[in-house]
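Below are the chains, spelled out letter by letter.
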Amino acid sequence: MKNQTWLVAKNIYRSRIKGVGFWALVLSPFLLGAVYLVIGLVISSGANQTPQLAVVDNPALTQILSKNESLKADIKNESSLKEAKNELSEGRIDGFLTVEDGAYTIVTDNKSSVKFDQTSFQAALTQVNISKTTQRLNLSAADDQELLSPAKFTMKTQTSSGQKSTGNSQTGANIAIGSIASILIFTLMMMYVGIIGQEIGNEKSSRIMETLLAATSSNVQYYGKIIGVILLLTTQLGIYVQAQVQQATQPIAFLAMIGYIGGIAGSTVPGNIVLKVLSFIPFISPTLMTSRLAIQYSTTTEAWIALGLQLLATLAIAKAGEKIYARNVLSYSDEKIMSQLFKGLTGRQAKRKNADKVVSENGEKKNPWRRNSPLRLALVILIILIILAYRFIFK
Amino acid sequence: MTLKIDKVRKSFGDKIAVDNLNMVVKPGEVMGLIGQNGAGKTTTFRMILNFISADQGRITWKDGPINQEIKQKIGFLPEERGLYQKMTVEDQILYFAELHGMKRADARLKLQDWMKRLEVVGKPKDKVQTLSKGNAQKIQFIATLIHEPEFLILDEPFTGLDPVNTELLRNEIKRSRDKGAAVIFSNHNMSDVELLSDHLLMLKGGQTILNGTVEDIRASYGRTRVYLESDLSNDELSLISGVESIEKRGSGRSIKISEANVGREIFQKVAKDGYVQAFVQSPPSLDEIFRMEVAEHDQEDLSAKSGVAK
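Residues numbered from 1 in each chain as written. Chains lettered and ligands numbered in written order. Predicted model: local features only at pLDDT ≥ 70, side-chain atom pairs only at ≥ 80, totals over all residues.

An unreviewed UniProt entry lists chain B under the name ABC transporter ATP-binding protein, with Lactococcus lactis subsp. cremoris given as the organism. The UniProt entry for chain B carries the following text under Sequence similarities (unreviewed entry): "Belongs to the ABC transporter superfamily." (UniProt positions renumbered as here; feature names shortened; annotations may be inferred.)

What follows is the structure, given as structure tokens:
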């Protein structure tokens, strides 16, 4: 009855795609991005104006500072302190600079929306002081230059693939990609697990299952739902890819999140042994391994191993879920879901042999998986995990 | 092309839900399943549909197991009604029809016809949640029958419907039967069962206590009920030996007699002037039989228990 599975999948797809909920889901990152952008614009709107600064009665300093391009301010000279205070209180300037015994002070008021960048003023004024000192010591222009130039300094990371990635930009981009991928995968996973849950809950609460099971089987329903949701996911990803192709420069949502993501990725220690092992564990690996691979802390082979383990675990869980679904679809057991999942995985079902047959197809159909039971699958996974743990922890 | 239930037994823990159940439903026949709540009716349906498996015995359709292919030809109306509340009537019906192997286009055409016949208030594009309870029930009924099933299983199909709508649904079930479907349905209302069933089977605590055609079952109780409209007083009637009880019913009286011959005596007495307004001698109604049987088995259960106590 493959056809029926397809019908169930199509029904889920059709009803979801018609609903507002799905489109809200698809568009939410874009909306979120737009909101971030708007908030950012509103907050920074004032800051983009060039502040007006008056230097009180010091034309020489005015000239030096207005030549300094790192200072984002319009600078002019004002003959007296009184004049400067006037200008400030009338809002014609945003602040004034005074020099007294070699100490510099910028006075602003609280009406102005613009801000002076303290760091760049500090640097510029330090430079002015150094220049004064070199002049006093009669140093040459070259010495002056050398004194002012910063030390040459770069950071490099040696990766496990043997290459040396040249720090900053490359790693930064990789971290960003890895983190974005992790968050995207995680979010999508949560969303679609939620949808599957809703679908099942919906049918249980609307008491429609008996009608559906009279025409189909629980397996048809179960796998139909999973396929339907995968179709939805494919659609969503397809839309995102389309959107990126058309507006490659506009993944607003992701840009808006880069700072946030960078923080997360930066604060973790990618070489940590715990993270290394965790990145192989199914259901953690899709996010963790993705980011570790992106920042080149793991090799492609390791990523494939993690993917393989994930696929095996997914199949095992799907298989165990199939039985739980069949058992629970027409209620009627109070047994905890987790203990059922465990039983499903380990194949301990002797006691519930009858319940097991619930709604399963009658007749000769023998499931090839049955002999190749979930117990064995779980064992294989366990062994692989132990080997990996040995390889990375005890080596 | 027959449903056959052969010596089926099912228990849940210590509780026996159905014991030694035997039943045959042929094409073009309606089997009424009656019994109190918890008698085993729904369990029987669930076993037929393979939702739960029987502990013993066999359930077959055309001598084979009821597999997925056959399930597609079944129309099942569960006792617990349910529809996708947020789907439109049309989407829902078409989905169910497709699951039963029907083409969407065919189902769409038929739906119009069905909605008209069942006098559904609403349009195919309406969401189910906007329908009244009765109309939603009709929609579910349509979903059950639209694919023209060979075998209909209806668990309490008339519950919650007024007599007019009950009549509409009953006619559709008859129409389906006349086209050759085998029908099995359960009901509490005996007059509905009597109007629709060719056969009936009565369950009590999982045991079959009546099984046969409606006529045979009623006939087996003899013509021991007389409906009478006459001036003859109750006292005079009571004098006739074999009269067990007299109850007022409508504009006449219902007289319970010990055996059919007593009816002749009553008739002779009330018609001695050559005229009587109404005299009908018949077997007890199914309703009466149902209540008699329930009471009788309750009595047996009670004495069995007290016997154990002694």
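Draft legend 1. Focus on the overall build of chain A. Helix and strand content of chain A: 17 helices and 6 strands. For chain A, long-range pairs separated by at least 24 residues make up 68% of all intrachain contacts whose partners lie at least 6 apart in sequence. (Helix = DSSP H or I, 4+ residues; strand = E, 2+ residues; numbered from the N terminus. Contact = placed C-beta atoms within 7 Å.)

Draft legend 2. Quick peek at the overall build of chain B. What chain B contains, in helices and strands, is 11 helices and 13 strands. Partitioning the intrachain contacts of chain B with sequence separation of at least 6 by distance along the chain shows that 69% fall at a separation of at least 24.

Draft legend 3. Summary view of the sheet that holds strand β4 (residues 56-61) of chain B. Residue and element names in this part refer to chain B. The strand order across the open sheet formed by 3 strands is β2-β1-β4, and the pairing between neighbours is antiparallel. Of all the strands in the sheet, just β2 (15-25) and β4 have a single pairing partner and so form its edges. For this sheet, the mean angle separating the axes of adjacent strands, direction not counted, is 20°. Running at roughly 65° to β2, helix α1 (residues 41-48) makes contact with β1 (3-12), β2 and β4 of the sheet. (Pairing = 2+ DSSP bridges. Axes fitted to C-alpha atoms, helices over the stretch in contact; angles between N-to-C directions.)

Draft legend 4. Broad picture of the environment of I255 of chain B. All names here are of chain B. Note that I255 resides in strand β12 (residues 252-257). Look at I255 and you get buried, because 25 C-beta atoms sit within 10 Å. Sequence-wise, I255 and V243 are 12 residues apart; in three dimensions their C-alpha atoms are separated by 7.0 Å. Contact partners of I255, with chain neighbours within four places excluded, come to V226, L228, L237, V243, I246 and I266. (Buried ≥ 20, exposed ≤ 12 C-beta atoms within 10 Å, placed from the backbone.)

Draft legend 5. Layout of the packing of helix α3 (residues 89-99) of chain B against helix α4 (residues 104-117) of chain B. All names here are of chain B. At a minimum axis distance of 9 Å, the contact between α3 and α4 shows a crossing angle of 130°. Judged by the angle between their axes, α3 and α4 are oblique. Remark: the crossing between α3 and α4 carries right-handed chirality. Judged by residue contacts, E90, I93, L94, A97 and E98 of α3 engage R104, A107, R108 and L111 from α4. Per-class residue counts for the contact of α3 with α4 are 5 nonpolar, no polar and 4 charged. (Parallel < 35°, antiparallel > 145°, perpendicular 65-115°, else oblique. Left-handed = near helix turned anticlockwise from the far one by under 90°. Nonpolar A, V, L, I, M, F, W, Y, C, P; charged D, E, K, R; others polar.)

Draft legend 6. Highlighting the nonpolar core. Residues I93, I139, I142, I146, I153 and V183 of chain B are the most contacted members of the largest nonpolar core, which totals 87 residues. Broken down by element, this core gets its largest block of residues, 7 residues, from α3 of chain B. If near-sequence neighbours (up to four positions away) are discounted, I153 of chain B is found in contact with F45, I48, I74, F76 and I184 of chain B. Among the nonpolar cores identified, the runner-up in size contains 13 residues, and L53, A54, I93 and L97 of chain A belong to it. (Core = buried A, V, L, I, M, F, W, Y, C linked by C-beta atoms within 7 Å.)

Draft legend 7. Spotlight on the pairing of strand β9 (residues 207-213) of chain B. Residue and element names in this part refer to chain B. The sheet contact formed by strand β8 (residues 199-204) and β9 spans 6 bridges and is antiparallel. Paired with K204 across the bridge in β9 is Q207. What sits between the antiparallel neighbours β8 and β9 is a turn of 2 residues, in which G205 has the positive phi angle 55°.

Draft legend 8. Seen up close, the environment of T133 of chain A. Residue and element names in this part refer to chain A. Mapped onto the fold, T133 is located in helix α5 (residues 118-137). Note on T133: 12 C-beta atoms within 10 Å, which makes it exposed. Placed 11 residues apart in sequence, T133 and D144 show a C-alpha to C-alpha distance of 9.7 Å.

Draft legend 9. Broad picture of the sheet that holds β12 of chain B. All names here are of chain B. Overall, antiparallel pairing links the 4 strands, which are arranged β11-β12-β10-β13 in an open sheet. Lying at the two open borders of the sheet, with one neighbouring strand each, are β11 (243-249) and β13 (278-282). Strand-to-strand twist across the sheet, computed as the mean angle between neighbouring axes with direction ignored, equals 20°. In the sheet, strand β10 (residues 225-229) pairs with β12 via 4 bridges, with the strands oriented antiparallel. Looking at β12, one finds that R225 is bridged to K256.

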